[in-house]
Amino acid sequence: MLKILIVTIVISQLAAPLRAQSLSDRIGAIVNGTVRLSFAARKGVCGQGNNSINIGHASDEWQPDCGPRLVRLSLQVADRRVHSVRTYVGGQWVSDPRVVDLGTVSSPEAARYFIALAQDTGARISGDKDLLLPAVLADSIIVWPSLVKIARSPRASQELRGRAVFWLGQAAGEAAGLALDSIAGDDRGDREVRRQAIFALSQRSTDEAVPALIRIARTNDDPELRKTALFWLGQTEDPRAVALFEEILK
């Protein structure tokens, strides 16, 4: 009986470190090859069936199918470093015995992993260059504070800061849309004409465009037009735009 108890304790002690391995440790243990993993997509993330991803955008005549989905990542690893990432939503993997499949992992842990990978200045990524994309698709985690830090960081590359600002714009637009549900739309003018005017403003010089877009985002009565202004602010990479996104998301 004592021997059985000792063996049980030893087995449990050996198994504990395996259970405690982080996602980073599990991926880092792969020397070379393809690694797959999946995690739950946040509400409103849709797979379009043609390798494109839709984050809940509908039109007047079409509504995407945005039921529960898994985000699926395929990572190419060489010398224990991730060199390529491909992002899919929904669907299923094609069986391949050469692939290491980590299965379904924690969404928050996956988001934190890809944010850290994006910030790793030693990472040389091909394929999907937007390593923040998996993070913003992940369920059960709020990533915008991390995006604000990246957008403000002088250590981050210009490209990475630009992607962070872009996703901040998307996140801020969604939050603004929710906050403005109870506000009546402006019916005094043609919406499409006004949207085109916002686009035209966004093409002006930064000193002219940014204050005008911020004013529209703050005061326009039409929530769709506010979201349009936020989108174009997200393209400017201007610190004033980042400050507005942070304010809205708080």
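What you are looking at is a predicted structure, and each value in this text was computed from that prediction instead of being measured.

**Considering the overall build of the protein**
Link 1 in the chain: Looking only at helices and strands, the protein features 10 helices and 7 strands.
Link 2 in the chain: Here the protein holds 250 residues, and the buried ones make up 40% of them.
Link 3 in the chain: When the accessible surface of the protein is totalled, it reaches about 14,500 Å², and 53% of it is carbon and sulfur.

**Here's the deal with helix α10 (residues 239-249)**
Link 1 in the chain: Regarding α10, the residues found buried are Ala241, Val242, Leu244, Phe245, Glu246 and Leu249.
Link 2 in the chain: Measuring from the side-chain oxygen of the N-cap residue of α10 to the backbone nitrogen of Arg240 gives 2.8 Å; that N-cap residue is Asp238.

**Some points on the packing of aromatic side chains**
Link 1 in the chain: Inspection of the entire model under this criterion finds 6 aromatic pairs.
Link 2 in the chain: With a centroid separation of 6.0 Å and 85° between ring planes, the pair formed by Tyr88 and Trp93 is classed as edge-to-face.
Link 3 in the chain: The exposure class assigned to Trp93 is partly exposed, which follows from its relative accessible area of 22%.
Link 4 in the chain: Taken together, the ring pairs connect Phe166, Trp167, Phe199, Phe231 and Trp232 into an aromatic cluster.

**Some words on unusual backbone geometry**
Link 1 in the chain: In this structure, Asp79 takes a positive phi of about 55° despite not being glycine.
Link 2 in the chain: Backbone geometry at Arg80 places phi at a positive 65°, although glycine is not the residue there.
Link 3 in the chain: Assignment of secondary structure puts Arg80 in the loop between β4 (70-78) and β5 (81-89).

**Considering the packing of helix α8 (residues 206-219) against helix α9 (residues 223-233)**
Link 1 in the chain: Closest axis-to-axis distance for the α8/α9 pair is 8 Å, and the angle between their directions is 150°. As α8 runs across α9, the sense of the crossing is left-handed. Only Leu225, Arg226, Ala229, Leu230, Trp232 and Leu233 of α9 make contact with α8, whose side of the interface consists of Val210, Leu213, Ile214, Ile216, Ala217, Arg218 and Thr219.
Link 2 in the chain: Grouping the constituent residues of the contact of α8 with α9 by class yields 10 nonpolar, 1 polar and 2 charged.

**Quick look at the packing of α8 against α10**
Link 1 in the chain: Where α8 meets α10, the closest approach of the two axes is 10 Å, and the angle between their N-to-C directions is 15°. Classed by the angle they form, the pair α8 and α10 counts as roughly parallel. Judged by the twist between their axes, the crossing of α8 over α10 is left-handed. Contacts between α8 and α10 involve Thr206, Asp207, Val210, Pro211, Ile214, Ala217 and Arg218 from the former and Arg240, Leu244 and Glu247 from the latter.

**Observations concerning helix α5 (residues 144-152)**
Link 1 in the chain: Within α5, burial applies to Trp144, Leu147, Val148, Ile150 and Ala151. Along the long axis of α5, the arc covered by the buried residues comes to 165°, so they all point the same way.

**A closer look at the confidence of the model for the protein**
Link 1 in the chain: Mean pLDDT for the protein: 81, with 78% of residues reaching 70 or above.
Link 2 in the chain: The least confident element of the protein, judged by mean pLDDT, is helix α1 (residues 2-20) at 50; the most confident is strand β1 (residues 33-40) at 98.
Link 3 in the chain: In the predicted structure, residues 177-185 sits below a pLDDT of 50 and forms 6 contacts with residues beyond four places in sequence or in another chain.

**A closer look at the pairing of β5**
Link 1 in the chain: Alignment of β4 against β5, held across 8 bridges, turns out to be antiparallel. The residue of β5 that forms the bridge with Leu73 is Thr87.
Link 2 in the chain: Here β4 folds back onto β5, and the loop between the two strands holds 2 residues, one of which, Asp79, carries a positive phi near 55°.

Rules and cut-offs
- Residues numbered from 1 in each chain as written.
- Predicted model: local features only at pLDDT ≥ 70, side-chain atom pairs only at ≥ 80, totals over all residues.
- Heavy atoms only, no water.
- Helix = DSSP H or I, 4+ residues; strand = E, 2+ residues; numbered from the N terminus.
- Buried < 20%, exposed > 50% of the residue type's maximum accessible area, 1.4 Å probe, protein only.
- Areas by Shrake-Rupley, 256 points an atom, 1.4 Å probe, with all protein chains shown as cover.
- Polar contact = N/O pair within 3.5 Å; in protein donor to acceptor, adjacent residues only side chain to side chain.
- Phe/Tyr/Trp six-rings, centres within 6.5 Å; stacked < 30°, edge-to-face > 60°.
- Axes fitted to C-alpha atoms, helices over the stretch in contact; angles between N-to-C directions.
- Left-handed = near helix turned anticlockwise from the far one by under 90°.
- Contact = heavy atoms within 4.5 Å.
- Nonpolar A, V, L, I, M, F, W, Y, C, P; charged D, E, K, R; others polar.
- Parallel < 35°, antiparallel > 145°, perpendicular 65-115°, else oblique.
- Arc of directions from axis to C-beta.
- pLDDT = per-residue confidence, 0-100.
- Pairing = 2+ DSSP bridges.

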